[in-house]
Amino acid sequence: MSAESVARVEALVRRQDEWRLSQTLNLIASENVLSRRARALMSSDFNHRYAEGHPGARYYQGTRYIDEVEAEVRDRVGNLFGCARAEVRTISGTNANDVLFCTVLREGEPAVVNPLPVGGHISHQAMGGLGKYTRQIHTFPRRPDGYRIDVDKSKDLLKEIKPKLVVFGKSLFLFPEPVRELAPVAHEVGATVAYDGAHVLGLIAGRQFQDPLAEGADIMTGSTHKTFPGPQRGLLLSNMTEEEWKPFDKKAFPGSLSNHHLMTLPPLLVTLLEFETFGREYAAQVVRNAPALGQALQKQGFDVECADLGYTASHQIAVNVTKFGGGGKASEVLAQNDIIVNRNQLPFDPPKKVNNPSGLRLGVQEMTRFGMKEPEMEETARLMRACLIENKSVSQEVNRFRSRFVDVRYCFD
Ligand SMILES: *Cc1c(COP(=O)(O)O)cnc(C)c1O
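Only a predicted model underlies this, so the values are computations on that prediction, with no experimental measurement involved.

Student: Would you explain the environment of asparagine 320 in this entry?
Tutor: Relative to the elements of secondary structure, asparagine 320 occurs in strand E12 (residues 316-320). Along the primary structure asparagine 320 and lysine 251 are separated by 69 residues, whereas in three dimensions their C-alpha atoms are 41 Å apart. The residues touching asparagine 320, leaving out its near neighbours within four places in the chain, are Asp303, Glu305, Leu346 and Ser358. At a separation of 2.5 Å, a polar atom in the side chain of asparagine 320 contacts the side chain of threonine 322.

Structure (C-alpha cells):
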C-alpha cells in the first residue's frame, strides 16, 4: 500500500512536469524555469546538510564544498549587480524583506510603500511582514494613470511624515520607480531607501530596467526566481560600508533564518554563470516581448492597460477583463484551455474585490526563456482571443503551439 502511495506521488510530479513544462502557455509574471543543467543539481547531498554562518565560518563541520559554492554565489551576485554587499542566504524575497524591515524599523516608526491595489506586495502591508514591525504604514500618492508614483505629492508626504523606511518596487510592476527623484528627499528626512526588485531582478541584472542602487537606493531586496531565472531564494544587495552592513548580516542569521535550503545553491550558481553569458540577450528579448504582447492583445480586442504609455517597460502587462466577467472568471477559462495566468487587482478596483478583480497580470519572461519572440506573442494573443472572445476550446491548439517551445534557451546545453 505505501509503495503504491509513493508511486502515486511520483506520478503526480511526472504529470506536473509534463503539463506545465510541455503543454501549457505559462504567463504568470512571478515564475520562471531552471535550465536542464541547473535543475539536475537540485537533488544533491546539499539537500541533506546544515551550514549556518558564512563560508569559512560555519557552526558545523563537513561544509567544504558547500562553502566553495556559497562563496562563489556571493562573489558572482556582487559582480552581476555591481555592489559591495550581497546577502545570499535568505530563502525567499519575503524572507529578505523581513531582514530589511526588522533591521531598519523600531516599533511604530513610519514607512512609505506601494499599496496593494496598485501592485504593492503583501509583505509591504499591515497584514504582511511589515505589519509585524509597524502600524505606521503610508502609501505613495499616484498619478492619474494609477500605475506611477506622483513625485511632487510624494515629496510633500515624505517631508510631512519623515519616514524611517521608504520601499519602492511592487508586484504589478510596469514602469520604473522615481528613485532618482525621491531618494534625496527621503535621505534628507532620515529614511533608509529600499527597492524591492523581486519581479524585475533579471531585467536589472540584464541592464534592461532602472539600476536602483545607482539611482540612490540604499538597499535592494529580491527573489531569484521571477525574471531572474534561478531557483527559489532571496537576496539583499547594497553598497553600504562593512560597518553599516553588520546589523543586516545579524538580522539575516541568526535573526531570520538558520539553515538556508542548501540544495538551491548549486542551481543558483549555474544560473549566475548562464546569466553572465546570456542574461542581456534574454532580458532584452523579454522587454521586447511584453509590449509586443500588449499591442497584439489590444489588436485582438482586449483592453490592455497603459496603451498610451506603450503598455509596459517590464516583463508584465495588465489587461482589464471586466467585459469577460472579471479576472477570476477569465483566468479560470484560460486555465481550462492550458493558458496559465493570474487574476490581479487593477489600480481602480475597490479594495475588497480580491477574488474577482477586473484584471489579469501577464508576464512573458518564462515563455521568452523557452525561445518565444514577437511572432509568438501574436499567436498567444490570437489564442487568448479565440478562448475568451470567441468562446472556443483551444487547449489542443495551445498544446501543439507549446510543443515547439520546450527547451530552455539562454543557457549552456
Ligand atoms: C514576489 C514578491 C516578493 C516575495 O517573494 P517570494 O520570493 O515569493 O517570497 C516580494 N516583493 C515583491 C514586490 C514581490 O513581487
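Moving on from the model shown.
Student: Explain the packing of aromatic side chains to me, please; I cannot follow it from the model alone.
Tutor: Describing an aromatic ring pair means giving the distance of the ring centres and the angle of the ring planes. Applying the stated criterion to the full structure yields twelve aromatic pairs. Taken together, a centroid distance of 5.7 Å and an interplanar angle of 65° make the contact between tyrosine 282 and tyrosine 410 edge-to-face. One end of the pair, tyrosine 282, is in helix H10 (residues 265-299); the other, tyrosine 410, is in the segment after helix H14 (395-402), and 128 residues separate them in sequence. A relative accessible area of 1% means that tyrosine 282 is categorised as buried. Look at tyrosine 410 and you get buried, because its relative accessible area is 11%.

Student: What is the right way to read the pairing of strand E7 (residues 165-168) from this model?
Tutor: For a regular strand, side chains alternate in direction, first toward one face of the sheet and then toward the other. Taking every second residue as pointing to the same face, both faces of E7 are buried, with Leu165 and Val167 on one and Val166 and Phe168 on the other. Examined bridge by bridge, strand E5 (residues 111-113) and E7 share two bridges and lie parallel to one another. Of the residues in E7, the one forming a bridge with valine 112 is valine 166. Inspection of the sheet shows E7 paired to strand E8 (residues 192-196) by four bridges, in the parallel sense. Pairing of leucine 165 across the sheet is with threonine 192, part of E8. Taking the sense of rotation as the criterion, the β-α-β connection linking E7, helix H6 (residues 179-188) and E8 turns out right-handed.

Student: Is there a simple way to think about the side chain of glutamate 109 in this case?
Tutor: Position of glutamate 109 among the secondary structure elements: in the loop between helix H4 (93-104) and E5. At 5.1 Å, lysine 164 is the nearest oppositely charged side chain to glutamate 109, a buried residue that forms no salt bridge. With sequence-adjacent residues up to four places away left out, glutamate 109 is seen in contact with Val104, Thr134, Gln136 and Lys164.

Student: What exactly am I supposed to notice about the side chain of threonine 271 here?
Tutor: Along the polypeptide, threonine 271 turns up in helix H10. Threonine 271 gets classed as buried once you look at its relative accessible area, which sits at 1%. Apart from residues lying up to four places away in sequence, threonine 271 is in contact with Leu34, Ala38, Phe228, Pro229, Gly230 and Pro231.

Student: Would you mind going over unusual backbone geometry with me for this structure?
Tutor: Most peptide bonds take the trans configuration, and most residues that are not glycine carry a negative phi. Here the amide bond leading from phenylalanine 253 into proline 254 is cis, since omega sits at 10°, within 30 degrees of zero. Its place among the elements puts proline 254 in the loop between helix H9 (242-252) and H10. At arginine 207, a residue that is not glycine, the phi angle is positive and equals roughly 60°. A relative accessible area of 41% means that arginine 207 is categorised as partly exposed. In this structure, tyrosine 311 takes a positive phi of about 75° despite not being glycine. Structurally, tyrosine 311 can be placed in the loop between strand E11 (303-304) and E12.

What counts and how
Residues numbered from 1 in each chain as written. Predicted model: local features only at pLDDT ≥ 70, side-chain atom pairs only at ≥ 80, totals over all residues. Heavy atoms only, no water. Helix = DSSP H or I, 4+ residues; strand = E, 2+ residues; numbered from the N terminus. Contact = heavy atoms within 4.5 Å. Polar contact = N/O pair within 3.5 Å; in protein donor to acceptor, adjacent residues only side chain to side chain. Phe/Tyr/Trp six-rings, centres within 6.5 Å; stacked < 30°, edge-to-face > 60°. Buried < 20%, exposed > 50% of the residue type's maximum accessible area, 1.4 Å probe, protein only. Pairing = 2+ DSSP bridges. Right-handed = clockwise from strand over helix to strand, strands pointing away. Lys, Arg positive; Asp, Glu negative; His and termini not counted. Salt bridge = Lys/Arg side-chain N within 4 Å of Asp/Glu carboxyl O.

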